Amino acid sequence: MIDLYSDTVTRPTPAMRRAMAEAEVGDEQRNEDPTTNALQKRVAELLGKEASIFLPSATMANAIACRLHTQPGEAVILDARCHILNSETGGLAVHSHLVPRIIDGDRGRFTAEQVEELITPAGHYRPKTTLLTCEQTHNAGGGSIWKLEQLQAVCAVAREHGLKTHLDGSRLMNAVVATGISAADYCATFDTVTLCLSKGLGCPVGALLAGTAETIARARTLKQQFGGAMRQSGILAAAGLYALEHHVDRLAEDHNNARRLADGLSTIPQLDVERPVETNMVFVGLQRTGLTAAEMGARLRRLGLIASQPGRYRLRFVTHYDVTADDVDRAVRIMRDALSIP
Ligand SMILES: *Cc1c(COP(=O)(O)O)cnc(C)c1O
């Protein structure tokens, strides 16, 4: 089976498992887990922030960030297809009681003018807009990359109006590897940043939230409230340290494989491959095949290929550590075979 469902399907490598097994541990809730502390320091440095906090998931990191920066009843600006809005089971409403102000972005990216239009001051009727979030890379936008200047521009207008800014940088390292721009440069314009370890970085669990020391101290209280505080979490943090050492540069292979897949799929006339392919994701429109994503997904699965189905006529393929160039070539052949089934 070739599993291109997501980069979350990666399994820890033998070397990562060894690093986990050998991790020094202590009680994380008392700040006494040395490996967790080392990971938090490492990620803060990587993202150019004063501090970071280790959490069970990027979903929790985003939820805590939204809580940190807002009061119930306020408004948050986000892209229509972003993860916070679409894939966190309404956490924005449940945990933070926020009103979403939605921008229909260009593959997840939007402009300072679009942001400014949605900023409402406190008034008798309107909720006050107090937070802006961006996603880098943008998952449902096609693994797309925000330009640094574009991020700086939207954050500048937000700051001018007193908004806080949060970056869902779950796949930030994909953008870093694809562009050569440092993580710290991308993060400098944001108050807080989420980094996920369990996507292309290949860890089994975990994410970090980074920001000022004061913000992260408040995040620690919320981590406890959310039930995210752990004990000997060094076993998990060790996987993160290992991944940051060994699994970042290799994301370039995933990007090459994604481009290879897109080129292969583009030779099949009925498919509409979304371009450009900027990182490790390939989205394909199926309208002209006459098959829905569910129908095509079932055919592919029978032939040994798994893709996700983010839309009625839209398939998503994600390349990752456990996928080779040969697998990608095989995936193209399977797609061709699936379409020739009468
Ligand atoms: C996967 C993902 C998350 C959530 O990550 P988990 O660690 O699985 O909770 C958040 N944001 C984006 C953009 C993602 O792709």
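Above this note sits the structure.
Quick summary incoming for the structure in this document. (Residues numbered from 1 in each chain as written. Predicted model: local features only at pLDDT ≥ 70, side-chain atom pairs only at ≥ 80, totals over all residues. Heavy atoms only, no water.)

Quick notes on the nonpolar core
Considering soluble globular proteins, one finds that nonpolar side chains tend to be buried as a cluster.
For step 1, the next point in the chain: Counting residues in hydrophobic clusters, the biggest one holds 47 residues, and the most contacted among them are Leu47, Val115, Leu132, Cys134 and Leu172.
For step 2, the next point in the chain: No other element matches the six residues that helix 7 (residues 148-160) contributes to this core.
For step 3, the next point in the chain: Setting aside anything within four residues of it in sequence, one finds Leu47 in contact with Leu172, Ala183, Ala184, Cys187, Val193, Leu195 and Ala210.
For step 4, the next point in the chain: Counting residues in hydrophobic clusters, the runner-up holds 29 residues, among them Leu4, Val277, Val332 and Ile334. (Core = buried A, V, L, I, M, F, W, Y, C linked by side-chain atoms within 4.5 Å. Buried < 20%, exposed > 50% of the residue type's maximum accessible area, 1.4 Å probe, protein only. Helix = DSSP H or I, 4+ residues; strand = E, 2+ residues; numbered from the N terminus. Contact = heavy atoms within 4.5 Å.)

Digging into the sheet that holds strand 13 (residues 314-318)
For step 1, the next point in the chain: The antiparallel open sheet is built from four strands, whose spatial order is 9-10-13-12. Strands with a single pairing partner mark the edges of an open sheet, and in this sheet they are strand 9 (272-273) and strand 12 (308-311).
For step 2, the next point in the chain: Pairing of strand 12 with strand 13, which is carried by two bridges, proceeds in the antiparallel orientation. Across the sheet, residue Gly311 finds its bridge partner in strand 13, namely Arg314.
For step 3, the next point in the chain: On the sheet, helix 12 (residues 251-266) packs against strand 9, strand 10 (281-285) and strand 13 and is oriented at approximately 20 degrees with respect to strand 10. (Pairing = 2+ DSSP bridges. Axes fitted to C-alpha atoms, helices over the stretch in contact; angles between N-to-C directions.)

Quick word on helix 3 (residues 58-69)
For step 1, the next point in the chain: Its twelve residues place the ends of helix 3 17 Å apart at the C-alpha level, agreeing with the 16 Å of an ideal helix rising 1.5 Å per residue.
For step 2, the next point in the chain: Burial of helix 3 is extensive: ten of the twelve residues sit out of reach of the surface. (Expected span 1.5 Å × (residues − 1).)

Some details on the site of the ligand
For step 1, the next point in the chain: In the region of the ligand, 14 residues are neighbours, and Ala58, Thr59, Asp168, Arg171 and Lys199 sit closest.
For step 2, the next point in the chain: Residue Ser170 places a side-chain N or O atom 3.1 Å away from a nitrogen atom belonging to the ligand.
For step 3, the next point in the chain: For the ligand, the protein covers 86% of the area, taking 380 Å² as the surface of the free molecule.
For step 4, the next point in the chain: The element that contributes the greatest number of residues to the shell around the ligand is helix 3, accounting for three residues.
For step 5, the next point in the chain: The class makeup of the residues in the shell around the ligand is two nonpolar, seven polar and five charged. (Near = heavy atom within 4 Å. Polar contact = N/O pair within 3.5 Å; in protein donor to acceptor, adjacent residues only side chain to side chain. Areas by Shrake-Rupley, 256 points an atom, 1.4 Å probe, with all protein chains shown as cover. Nonpolar A, V, L, I, M, F, W, Y, C, P; charged D, E, K, R; others polar.)

Describing the pairing of strand 5 (residues 129-135)
Side-chain positions along a regular strand alternate between the two faces of the sheet.
For step 1, the next point in the chain: Across the seven residues that make up strand 5, a large majority, seven, are buried.
For step 2, the next point in the chain: Relative to strand 5, strand 3 (residues 75-79) runs parallel, the two being bridged by three bridges. Note that in strand 5 the partner of Ala75 across the bridge is Thr129.
For step 3, the next point in the chain: Across five bridges, the pairing between strand 5 and strand 6 (residues 164-168) is parallel. From the neighbouring strand, Cys134 faces strand 6, where its bridge partner is Leu167.
For step 4, the next point in the chain: In the classification by handedness, the crossover that spans strand 5, the intervening helix 7 and the parallel strand 6 is right-handed. (Right-handed = clockwise from strand over helix to strand, strands pointing away.)

Notes on the packing of aromatic side chains
For step 1, the next point in the chain: For the structure shown, the criterion picks out one aromatic pair.
For step 2, the next point in the chain: Their ring planes at 90 degrees and their centres at 4.9 Å tell us that Phe110 and Trp146 sit as a pair that is edge-to-face. You can see Phe110 sitting in the loop between strand 4 (99-103) and helix 6 (112-118) and its partner Trp146 sitting in the loop between strand 5 and helix 7, a full 36 residues away along the chain.
For step 3, the next point in the chain: Using a relative accessible area of 0% as the deciding quantity, one classes Trp146 as buried. (Phe/Tyr/Trp six-rings, centres within 6.5 Å; stacked < 30°, edge-to-face > 60°.)

Function cannot be inferred from these measures alone, as they are strictly geometric.
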